[in-house]
Amino acid sequence: MAKKIVILIDGGFLRVKSRKADKQYNPEFIEQFAHACAIAEEEILRVLYYDCAPYAGTVKLPVSGNPYTFAGSDKWMEDLARKDLFAVRRGVLKFRGYKPKHTPVNPIAQLTDADFVADFEQKGVDMRIGLDIATYSAHGCVDRIVLVSNDTDCVPAMKHGRKAGLQIVVIEPPNGQVAPELLMHSDFKRMVAWP
């Protein structure tokens with residue numbers, strides 16, 4: 001009898017790892033990767049994808065003070081949400097200012113806006129992952145939670161899931177290494193190749 005699973009994907013983590021491997025990050029790639037996370041004895045109940053829409057807003061550039069408008073489309077997230085078995089959980093992307101592209105900063109160089117990169121922070125993604133693990137733990141409709149993340153903030157939810165009788169599988173992409181804290185509170189580590 002197949003084990004029912006739910007796959008939880010931290011989009012920020014998967015995007016960074018896949019781009020380092022020169023993969024095109026789009027809904028088709030995400031769908032293929034999600035299906036590669038399941039093994040033959042497992043049946044996917046749902047794939048939950050957690051991410052933030054691109055930041056949209058106007059801010060002042062760090063040196064010139066000129067206004068700069070960030071405009072990005074979240075159509076790809078809508079396309080992903082339309083795929084079979086997928087649900088998209090949205091966090092919020094906050095603008096936190098700028099940070100230098102290179103450190104240490106040359107103290108005698110004339111700095112320009114081009115010497116800085118915008119600094120963004122995801123908010124609410126790990127909380128949503130934790131809530132979904134708790135929900136699936138309470139409902140008993142799956143046997144395993146398959147987690148694609150390296151966020152140690154997930155540990156309390158993972159512990160809760162295991163206490164409720166679920167098996168926790170952590171996914172290790174080809175160029176990633178799972179945090180030791182996640183391994184300590186999971187049942188299996190599964191290496192998954194890029195599609």
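What counts and how
Residues numbered from 1 in each chain as written. Predicted model: local features only at pLDDT ≥ 70, side-chain atom pairs only at ≥ 80, totals over all residues. Heavy atoms only, no water. Helix = DSSP H or I, 4+ residues; strand = E, 2+ residues; numbered from the N terminus. Pairing = 2+ DSSP bridges. Axes fitted to C-alpha atoms, helices over the stretch in contact; angles between N-to-C directions. Contact = heavy atoms within 4.5 Å. Expected span 1.5 Å × (residues − 1). Buried < 20%, exposed > 50% of the residue type's maximum accessible area, 1.4 Å probe, protein only. Arc of directions from axis to C-beta. Core = buried A, V, L, I, M, F, W, Y, C linked by side-chain atoms within 4.5 Å. Salt bridge = Lys/Arg side-chain N within 4 Å of Asp/Glu carboxyl O.

(A) Layout of unusual backbone geometry. A cis geometry characterises the amide bond from T103 onward to P104, with omega recorded as 0°. As for its placement among the helices and strands, P104 is situated in the loop between β5 (86-100) and β6 (116-123). Positive phi is not limited to glycine here, since D22 has a value of about 60°. In this structure, D22 sits in the loop between α1 (11-20) and α2 (27-36). Here L85, not a glycine, exhibits a phi torsion of approximately 70°, which is positive.

(B) Expanded view of the sheet that holds strand β9 (residues 188-191). What the seven strands build is an open sheet, ordered β6-β5-β2-β1-β7-β8-β9; its pairing is mixed. Taken across any chain shown, the strands that pair with only one partner, and hence form the sheet edges, are β6 and β9. Pairs of neighbouring strands in the sheet enclose a mean axial angle of 25°, with direction left out of account. Inspection of the sheet shows β5 paired to β6 by seven bridges, in the antiparallel sense. The partner of L93 across the bridge, within β6, is Q122. Seen against the sheet, α1 touches β1 (3-10), β2 (42-52), β6 and β7 (144-148) and runs at an angle of roughly 85° to β2.

(C) Main features of helix α4 (residues 125-139). In this model α4 runs 21 Å from its N-terminal to its C-terminal C-alpha over 15 residues, within 8% of the 21 Å that 1.5 Å per residue would give. Residues of α4 that are buried include every one of V125, I129, G130, D132, I133, Y136 and S137, and no others. Seen from one end, α4 has its buried residues packed into an arc of 165°, which puts them on one side. Of the residues in α4, the exposed ones pointing more than 90 degrees away from the buried face are M127, A138 and H139. Buried residues in α4 make contact with β1, β2, β5, β6, β7 and α5 (155-163).

(D) Focus on α5. Looking at α5, one finds that the buried residues are V155, A157, M158 and G161. Seen from one end, α5 has its buried residues packed into an arc of 160°, which puts them on one side. Seen from the open side of α5, the exposed residues pointing more than 90 degrees away from its buried face are P156 and K163. In this structure, the buried residues of α5 make contact with α4, β7, β8 (167-172) and α6 (180-184).

(E) Region of interest: the nonpolar core. Residues I7, I9, F33, C37, V148 and I171 are the most contacted members of the largest nonpolar core, which totals 25 residues. Residue assignment for this core shows that the elements contributing at least two residues are β1, α1, α2, β2, α3 (75-81), β5, β7 and β8. With four residues, α2 is the largest single contributor of residues to this core. Non-local contacts of C37, meaning those with residues more than four positions away in its chain, are made with I7, E42, V146, V148, I171, R190 and V192. Core analysis: the next-biggest nonpolar cluster, separate from the first, contains 23 residues, V125, I145, V155 and A179 among them.

(F) A look at the pairing of strand β3 (residues 57-60). Where β3 meets strand β4 (residues 67-70), four bridges bridge the pair, whose relative direction is antiparallel. For T58, the partnering residue across the bridge sits in β4 and is T69. Between β3 and β4, which pair antiparallel and follow one another directly, the connecting turn spans six residues, one of which, G65, has a positive phi of 80°.

(G) Here's a closer look at the pattern of salt bridges. For the structure on display, the rule yields 15 salt bridges. With a shortest N-O distance of 3.9 Å, E121 and K123 are connected by a salt bridge. Relative accessible area serves as the criterion here: at 38%, K123 is assigned to the partly exposed category. As a salt-bridge pair, R162 and D187 come within 3.0 Å of each other at their nearest N and O atoms. With R162 in helix α5 and D187 in the loop between α6 and β9, the pair connects residues that are 25 residues apart, well separated along the chain. Residue R162 is classed as partly exposed on the basis of its relative accessible area of 32%. A relative accessible area of 32% means that D187 is categorised as partly exposed. Through salt bridges that share partners, E41, E42, R144 and R190 make up one connected network.

The quantities given are spatial measurements derived from coordinates; they are silent on function.
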